[in-house]
Amino acid sequence: MEITRAEDRAGRVGSAETFTGTAYVAPVFPPEMNEVSAGEVTFLPGARSAWHTHPAGQMLVVTKGTGWVQERGQAKQVMQAGDVVWCPPGVEHWHGATDKTAVTHYAIQGMVDGAAVAWGDKVSDAEYTGE
């Protein structure tokens, strides 16, 4: 058995290429564990991911706060602490905080041919606000 202490899970601010605003990403476990990885992501108000897909899908487990998630072509939806969101393989989506509240979730995704995510364009302010 092995315990990784919270203070030993060094995180980083998400890249400006794949996030708008401040998103802090801390690894939970690496893909060496059965080709599945997980990260704890905290989005400050107004922060969100770029549009992206996952070849094996992605599970979001919301642990704190309130945020938004949206599938391309569908209405933006609220996600809040206690919710679990399943993003099927290949479905383009984004997720992040609302404009007024922070949100934290675990993002869990499998790998296919060595890749867990395919990043797309950044979410525009108009897409984010729903205008």
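Below you will find a few notes about this structure. Remember, predicted model here, so these are calculated numbers, not experimental data.

Observations regarding the environment of Trp86
- By secondary structure assignment, the location of Trp86 is in strand S9 (residues 84-87).
- Take Trp86: its relative accessible area is 46%, and that puts it in the partly exposed class.
- For Trp86, the residues in contact, after removing those within four places along its chain, are Ala56, Gly57, Gln58 and Met59.

Points about the layout of surface pockets
- Of the volumes computed, that of the largest pocket is approximately 470 Å³.
- Lining the largest pocket we find 25 residues, and of these Arg12, Val25, Gln109, Val117 and Trp119 sit closest to its centre.
- Grouping the amino acids of the lining of the largest pocket by side-chain chemistry returns 13 nonpolar, 11 polar and one charged.

Rules and cut-offs
Residues numbered from 1 in each chain as written. Predicted model: local features only at pLDDT ≥ 70, side-chain atom pairs only at ≥ 80, totals over all residues. Heavy atoms only, no water. Helix = DSSP H or I, 4+ residues; strand = E, 2+ residues; numbered from the N terminus. Buried < 20%, exposed > 50% of the residue type's maximum accessible area, 1.4 Å probe, protein only. Contact = heavy atoms within 4.5 Å. 1 Å grid on protein atoms, 1.4 Å probe; cavity = no way out; pocket = protein on both sides within 12 Å on 5 of 7 lines; lining within 4 Å. Points joined across faces, edges and corners; volume = space filled by probe spheres on them. Nonpolar A, V, L, I, M, F, W, Y, C, P; charged D, E, K, R; others polar.

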